[in-house]
Each structure stands twice: as C-alpha cells, then as structure tokens.
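Letter by letter, the chains look like this.
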Amino acid sequence: MAEPAQANPDSARLLEAAREARDDAAPFALAAAGALVLLALVGRHAGWELLDHSLWWIWLVVAFPYLLLAAVLLIGLTRLVEHDHRREIVLGLLSLVWVFNVLGVSVLVASLLSESGSQITGRQLLLSGGVVLFTDAVAFGLAFWELDCGGPVARALSTTPRKPDFQFPQDENPELARDDWSPRLWDYLYVSLTNSIAFSPTDAMPLTRPAKRLMAAESTLSVVTVLLVAARAVNILG
C-alpha cells in the first residue's frame, strides 16, 4: 500500500490529510463528546436541575453529533478518489453540532433567567459554562479547518497558491514561514480559542463572508456563555 502513495504525489498528500483527520481532528471531537458526557454524569449524580427539571440528559444529546463527527473523521477519509461525500457529511454534522450547542447554551441561559435560577449552584454553572466554552472552541476550530480553501482534502491536493478564507501571518509574511508551511488543525483550533476569548480575530483574519459568519457566531455564543453564565456563577460563589 505504501508504494502507490510514494509513486503518486496526490495519494501521498491524500494520506497526509487522512492522518490529520484521524490523529488530530477525531480525538478533539471525541474529547468534546467526553466532556459533555462527563458533565451529564456529574449533573445526574449531584442532582443538578435545569428549568426546574432533571435535564442532565440534555448534555448527552449535545454530545451525540460529536460522536458521529469523530466516527466520520476516523473512517471517512479512506475513499476519496471517486464519489467523495465526506465533506458534505462533515459539514452537515458540524451544522448539527452548532445547533445542539446553541440548544445547550439556551437551556443554561433560560435556567439562569427563570424563577428557579437562584437554586442553581456556582459549581454547576462554572462546570457547565466551561464545558460549553471548550466544546464550542473545538466545534468552530473544526469548522474553520473544514472551510478554509475547500477543506483539508482540497488543500492537500491543490497545486495552486492559497486563496484562503483565513489569512494567517505566514500568508502575509511568507518569508517568516517554514518551508512548505500550510495551516493544520492546531492552527484553526488556536484561531477558534482566541476568538472565543477575545470575541474578535487575533491570529488570523477572516477574508470571506462564510468565515466572518462563523467567527461572528462563535463570538456571540462565547459572549452569552461568559457574560451571562460564568459571571453569574462567580457572583453565586461570592
């Protein structure tokens, strides 16, 4: 199997994209799912309530799309030569992830603003807010990774200069980049993490409207989570 990949540069680059999805992207999707499952189990054990009900299972619902996404990233890059629908499936799952993340944040905020909000403990809100922030950063990092230049497969097979959705410092200053540099998943996760914290671009600038929409959506979710959830939790603890 190694000989065809060496003989065909496209196959070698394709295998590299598959390794990135398997070794980098899939573990992060699994980590996000694991964090949500842990939150659900802790909430059930501690008897935490949302909207005056035992809704610990809502976090299992939010985790489910991450598990599907991890499975696709693990096995969905094996057949890419013909009839590749992996990207469409990944984009669909990322959309589902975003919808369920919004659902989780909405339940938290609604619980905080309801009459029973005073019964929510600071530990519950801090843990819930932290998990939501982490999973949002992973989800949008994967979305940036899948969006830029048509996704990892398109980037791997491209023989033309980058026409990016995100402009990294190395794009603007190629003399500072290492030989054969190209953005990897970790670069997009860093962009996502800093955007969720600063509520604005820091490392890379969005150049296209889809990139700007994604960054705006992440910043909005982060603002809601940090200002309305984490801040309230600190106040409760105080």
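Remember, it's a predicted structure, so these values are computed and weren't measured experimentally.

Mind showing me how you'd approach the layout of surface pockets here?
Over the atoms, a rolled probe matching the size of one water molecule traces out where space is still vacant. Its boundaries defined by the atoms lining it, the largest pocket holds a volume of some 650 Å³. Contributing to the lining of the largest pocket are 21 residues, with Arg155, Ala156, Asp180, Trp181 and Ser182 lying nearest its centre. Partitioning the lining of the largest pocket into residue classes produces eight nonpolar, four polar and nine charged.

Explain the environment of Val62 here, please?
Summarising the element assignment, Val62 is placed in helix H3 (residues 58–75). Separated by 41 residues in sequence, Val62 and Leu103 place their C-alpha atoms 7.9 Å apart.

Would you explain empty space enclosed by the protein in this entry?
Throughout the structure, instances matching the rule amount to two cavities of 30 Å³ or more. Considered as a void within the structure, the largest cavity measures approximately 60 Å³ in volume. As for the largest cavity, its lining consists of Leu39, Gly43, Trp48, Leu50, Leu55, Trp56, Trp59, Gln124 and Ser128. Mapped by element, the contributors of at least two residues to the lining of the largest cavity are helix H2 (9–46) and helix H5 (122–147). For the lining of the largest cavity, the residue count by class is six nonpolar, three polar and no charged.

Just to check I follow, could you spell out the packing of aromatic side chains for this structure?
Scanning all chains against the criterion turns up five aromatic pairs. Their ring planes at 50° and their centres at 6.4 Å tell us that Phe140 and Phe144 sit as a pair that is tilted. With Phe140 and Phe144 both in helix H5, this residue pair falls four residues apart, about one helical turn. Comparing Phe140 with Phe144 shows no difference in burial state: the two are buried. Their ring planes at 70° and their centres at 6.4 Å tell us that Phe166 and Tyr188 sit as a pair that is edge-to-face.

Would you take a moment to explain a nonpolar patch on the surface for this structure?
On the surface, Leu30, Phe64, Leu67, Leu68, Leu74 and Ile75 cluster together into a nonpolar patch covering about 550 Å² of accessible area. Here Leu68 is to be found in helix H3. Here Leu68 falls in the partly exposed class, since its relative accessible area comes to 33%.

Help me out: how do you make sense of the confidence of the model for the chain in this one?
Detailed conclusions should not be drawn from predicted coordinates in areas where pLDDT is low. Residue-level pLDDT values for the chain average 81, and 87% of them are 70 or greater. Per-element mean pLDDT across the chain ranges from 46 in helix H1 (residues 2–7) up to 91 in helix H8 (residues 185–198). Low pLDDT (under 50) marks residues 1–7, which in the prediction has four contacts with non-local residues, meaning those over four places away or in another chain.

Cut-off values and rules
- Residues numbered from 1 in each chain as written.
- Predicted model: local features only at pLDDT ≥ 70, side-chain atom pairs only at ≥ 80, totals over all residues.
- Heavy atoms only, no water.
- 1 Å grid on protein atoms, 1.4 Å probe; cavity = no way out; pocket = protein on both sides within 12 Å on 5 of 7 lines; lining within 4 Å.
- Points joined across faces, edges and corners; volume = space filled by probe spheres on them.
- Nonpolar A, V, L, I, M, F, W, Y, C, P; charged D, E, K, R; others polar.
- Helix = DSSP H or I, 4+ residues; strand = E, 2+ residues; numbered from the N terminus.
- Phe/Tyr/Trp six-rings, centres within 6.5 Å; stacked < 30°, edge-to-face > 60°.
- Buried < 20%, exposed > 50% of the residue type's maximum accessible area, 1.4 Å probe, protein only.
- Patch = residues over 30% accessible without salt bridge, like charges linked within 9 Å, V, L, I, M, F, W, Y side chains within 5 Å.
- Areas by Shrake-Rupley, 256 points an atom, 1.4 Å probe, with all protein chains shown as cover.
- Salt bridge = Lys/Arg side-chain N within 4 Å of Asp/Glu carboxyl O.
- pLDDT = per-residue confidence, 0-100.
- Contact = heavy atoms within 4.5 Å.

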